[in-house]
Structures are given as structure tokens and as C-alpha cells.
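# Structural overview
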Amino acid sequence: MTQTIAPRVRTVVLLLLAAACALLAGAAPASAHAAVTGSDPAQGAVVDKAPARISLTFSEQVAMSGDSLRVLDPEGKRVDAGEPSNVSGTTYAVRLHSGLPDGTYTVAYQVVSADSHPVAGAYTFSIGAPSKTSVTVSDQATDDGVVGWLYGFGRYVSYAGFIVMAGGAAFVLACWPRGSGVRPVQRFVVSGWLALTAATLALLLLRGSFTGSGKVADIFDLSLLGQVLQTKTGAALVSRLLLLAAAALFIAVLFGAYDKRDDPQEKRDLTFGLAIGGAVVAAGLAASWAMSEHASVGLQAGIAMPVDVVHLLAVAAWLGGLGALLVALYRAPADAPVDASAVRRFSRVAFGSVLALIATGTYQSWRQLGSWSAFTDTRYGQLLLAKIALVTVLVGVAWISRRWTGRLAETVPAAAEREKAHVGAGAEASGDAEPDTTGDDRTGTDTEAGTDAGEQPDPGPADTERAAQLARQRAARDAARQKRLRDADPNRFGLRRSVLAEAGIAVVLLAVTTVLTQTEPGRTEQDAKAATSSSASTSPDTGASGALTLNMPFDTGGENGKGIVTVDLDPARVGGNEMHVYVERTDGQAFDIPEVKVDFTLKAKDIGPLPVVPDHIATGHWSANGVQIPMAGDWKVDVTVRTSDIDEVTVSKNAQIG
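Residues numbered from 1 in each chain as written. Predicted model: local features only at pLDDT ≥ 70, side-chain atom pairs only at ≥ 80, totals over all residues. Heavy atoms only, no water.

Okay, the confidence of the model for the protein next. Of all residues in the protein, 74% attain a pLDDT of 70 or more, and the chain-wide mean is 76. Across the protein, the element-wise mean pLDDT spans from 42 in helix α12 (residues 444-448) up to 93 in helix α5 (residues 232-254). (pLDDT = per-residue confidence, 0-100. Helix = DSSP H or I, 4+ residues; strand = E, 2+ residues; numbered from the N terminus.)

Below is the structure:
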């Protein structure tokens, strides 16, 4: 039976891995983690005169290079002058050549968001009137090609390697100390370290091309590698490599000195030291993800990063320990099988990990989604629902494994007695049936050859070799008998199957999680959609009326703290102006908030901030008359929105006034 099970195990695992890779390959690439929430001129806008510059506002800060913002005329020639700059907060601009003729212009952008993912896109606006021709620019990001696929696969391997290494080592230390001397378990943990190290090195090489040209030829460009090392993601990858050196020392001690300790007190002391050191190294490795990805940007980053570390450690303890248990159940030697007590200890560890995952996962979901509708309306929410479903199924299968563990614990003493009796009887029968290996079974031919009946000759080389061969045969028979008795236990067989099912689900779960980390958060996606729909209805331009309209999404993080604030300034000229402020939910419904304030600042002339506190007129509508703008220029408009006593946020946008 064992011979038929092992090929099935390998086949199932390979099929699950292939399914996971197919999921990664078929998933749409991450188009953005920072989304464009506003532009000036707006997409599709028609302005009377050529603007001095174009600006884009993102949902978070981004990194730019000299070619991150390009403006092309109707013939495809670049009309931007100089490098793009950060004019305020999350707004970036590039100046344009003067005297641009009428026609349709294309704005193309390619930046790197604060959570390390490339963002690319394009839109058009027109001067005077739309032209008959315009340039078509692909908004496909550099993560859509071969380099993007390799980078995504490298991320999957790095997550899997960390989970296998950290979770496998934790299983040995906390659940099955005897496993430190079991070769298959050793190979399992070491393979995790090798996978994580190789994937980290590959990500370092791929990073420059991934966020730049997307060309395979640029993977080994040392100048790009130097630029990567100066970024937050590059520093995180280098830190991960340094921590992996410490992890290698930990693994060497765990499978070396720790396994050879016989004194109970020394082993306890070494276990404590390894547990502390291993926890520190594992937490540091988990932090290398938290400090450079989703958790490091957005709401409550100071809380989100440690929560993300705990989440990843809980995943490793559960799924990595599950993999180590699967290896132990199928590959551990017959004379050192994994016992029921070890499985029970792992069950407790897994239960604690699930509780930690529920708590941290709930917080992460709230932070990344922001609303119930994002579960179904955004790709991030849909993937999160799939992840929740997989975790639910995994917990159900784990409960079945727990039942098999209880039955195994009840049958182990009786099975041990039967095995002991069977082995004793076998040894007695073997002693009666087998000839003496010291040479006493020699025939009369030996005596006739000159050996006296009263003498006991020394065994020759052939006799010694024969004795060793018989000893090996007896050991092999005993091991086979023990393995046969072990595998015949229906409870152990049931536990094997349920743990194998858990591991298969875990592989797919890891694939979904990896895609989730590369997908634009639902909160950001909805903000971008709201900003786009709002700007389509009220384009922020300076038309014939001279009025200025600015749309700014906001999120205070509290209840009812998400919406869009719109500032109308008429006639947007030097002197007195009439200002209206509107506050709407993301679905366009007006609503009231406790307080809204507006400040005007002209940094070029060191003027401001000039505060304006508008009067409440109607639901979601505030107004102020006689707003004085003393000088023409590029004014920064700051709007402070307070939705409760403690929830407040300030959003900004630049506008040409006068």
C-alpha cells in the first residue's frame, strides 16, 4: 500500500503546484497600487489656452524618473520640458513648451508607487478643440511581460520559501524535537532556505527592469541594480539576504548541535535559545515584506506594519508546520515515526495561528477595502473573498485531521504492545530457524579438511561478511515490519490523507495570497473610480466662465469618513472670489460633516496660508463670499475635512489662479 501511496502523493502535489502556477500566470497583472485620483487638465478636457504645465495627483506618493511624465502632441512629438517634480503632497507636474498649437495631446505616465509596484497609464486633453489625429499610447505597465511574470513567480517562491523554512523549523522546535535528526525534515527546511535565498537574489536582479523598461536584456544591467539598491524595496531585499545568513546559522545549529545533545537540561537551554533567536530572525524576515509593500503606505501604517508581520508569522507557523507534518507522516523512518503527541502540539499551534490570522486579516481587510461594496466591486475584494473561502475550507479539513489525531492517540498504546509482541515472536522464530553465523553451520567437509573436533577456529573473512549481511537483512525485515504495522493503522492513514488535503489547499491559498499582494487595494480602486466619474461630470478647467473646480477624494479612516470634496472658485481671478464647497459620498450623495476649512498658499511668493472658513448652506454645501486672492500664480489649495471629533484629514491640489 505504501508503494502506491507515495506516487499518488507526488502526483497530487505536482498537480497542485501546477494549478498554483497557472493561477499566477492567468491572473491579471497589478496595474496599480497607487491610482490617479486627479489631473489638470482633466482627462478629455478642452481648454481655451495651452497650460503652462500638466499635473497628476495620485492616491499615494510615487517615485519618478526623468521620463515618468511625457506629453505628446497630435503628431507624437514630445512637448514636455524638463523633469517632472513633486509640487505638493501626492501631486506631480511637468512643464510644457510655450506656444503649443490647438489639438489633442496625450499624457503618458509610468511611476513606481510607495508600495513598490509600477503604475502606468495614459489619457488625452485638447487645446482649443480636439484634433482629427492623436497619439495612441499603451497604458500597459512594465509588469505585463516576461519580466513581470518572472517577478511575480519570484515573489511566490519567496513567500513559499519563507513559510517552509520558518514553519518547518518551528514545527521541529515546538512540536517534534526528534524531527531535528530526521533527514527528510531537514531537507524540507533547508529547501525553504534555498528557495527564499534564490528568489531574493532573482528579485534584486529583476527589480530594475520590472519598474523600468520591462526588457529581459536589462536584468543584468549593473547601473539599474545600483539604482534599485537606493530604493526602499532594494533595501528590504538586501536586509532579507543578511537575515538569511543568520537563518543559515540557526538551521545549522538546529540540525547539528541541537540534535546531538543528550543531556535534557542542555537540550532545554538550547531549545530556549533557538526559540528566541529563531523568532527574532523570522520576525525580521517578515518585516522585510511589511516595510516595503501594502502595509507601509496608506492608513495607520505604524499599526499596519507590525500587524502584517504577525499575519505572515502566523501563516508560516500554520502552513509551514503543516508541510513539515506531511513530510514526517510520509517520509519519517519506521523506527522514528511522528507520534500523536507531536500532532496534538501542532494542532494547538495551528489553532493559535488561525486565531491570529482572523484578527490580523480582519484589520487588513478593513484597511484595504474601506467598504462592504469593495468585496464585490473590486478585484482585490473578489480575491479576498476567494482567500476567505479557501481558509474556511482549510480550517474544516484541519478539524477532520484533529479528529484523526484523537483516534490515533487512543490506538497508539495498543498498537505499540502488538508491535512489541510481534517483533519478539519474530526474533525468537528467527533465532530458531537461522544458522549460527559464527561458523558452527559448517559441513563435514570442513572437518575432513583438517579441523579438529575439539577446536573452535576463528571465523574467516567470508564468515564475518556473511554475519554482517544477515544482520542487515534482519534490520531491513524489522524496519519493513514496523512500517507495515504503522501504515496498516487506519487512523494514521486517515490523518495522512487529511493532512495531504490541507497541504494541497494551502498551495492554492498561497498562490491567491501572492496575487492579492500584487493587486490594487479596493479602497484605492474605488477612490480612483469616484474621482474619474466626478471629474467627468465637472471637469477642473478654466473655461470661458473663468470658474475653477477642484475635486479631491478624502478618507479620514473613521465611520462615514470616505468621500469627495469639491471646491468651486469663481471667477478664479485676482481679487474677490465666490467659493462653494461640496461634500459627497463616493456614490455621489451629499452629506454633512462637522467641519470643513480651506487654505490658499502661494509658495513661490511665500504667501499664506490664507484661511477661509465657509458657512454651511445646505446638506453637503458650504459657501464663502469675498475670498481674496492677492496675486496670480500657482496656488496650493488645502481642504481640511473633519468627519468626527477625532477623524480628520487634509487633502491638497494645485491650481493656476489669476
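All right, on to the sheet that holds strand β18 (residues 648-657) then. Taken together, the four strands give an open sheet; going across it, the order is β14-β13-β17-β18, and neighbouring strands pair in antiparallel fashion. If you trace the sheet from one side to the other, it starts and ends with β14 (607-612) and β18, each paired once. Sheet twist, expressed as the mean angle between neighbouring strand axes with direction ignored, is 20 degrees. Bridge count for strand β13 (residues 595-602) against β14 is four bridges, and the pairing is antiparallel. Bridge assignment links L602 to a residue of β14, and that residue is I607. (Pairing = 2+ DSSP bridges. Axes fitted to C-alpha atoms, helices over the stretch in contact; angles between N-to-C directions.)

Note on strand geometry: in a regular strand, side chains alternate between the two faces of the sheet. The element strand β17 (residues 633-642) is extensively covered by neighbouring structure, given that nine of its ten residues are classed as buried. As defined by bridge partners, β13 adjoins β17 across seven bridges and the pair is classed as antiparallel. The residue bridging V596 from the neighbouring strand is V641, located in β17. Both β17 and β18 contribute to a ladder of ten bridges, which runs antiparallel. Within β18, the residue paired with V639 across the bridge is V651. Taking the residues that link successive antiparallel strands as the turn, the β17-β18 hairpin has five residues. (Buried < 20%, exposed > 50% of the residue type's maximum accessible area, 1.4 Å probe, protein only.)

The terminal C-alpha atoms of helix α2 (residues 146-174), which comprises 29 residues, lie 41 Å apart, in line with the 42 Å expected from a rise of 1.5 Å per residue. With respect to burial, α2 is a largely interior element, 21 of its 29 residues being buried. (Expected span 1.5 Å × (residues − 1).)

When strand β11 (residues 562-570) meets strand β12 (residues 575-584), the two strands line up antiparallel, connected through seven bridges. Across the sheet, D568 pairs through a bridge with H580, a residue of β12. The hairpin turn running from β11 into β12, its antiparallel successor, is four residues long, and A572 in that turn takes a positive phi close to 60 degrees. In this structure, β12 lies alongside strand β16 (residues 621-629), joined through seven bridges in antiparallel fashion. The residue bridging Y582 from the neighbouring strand is H621, located in β16.

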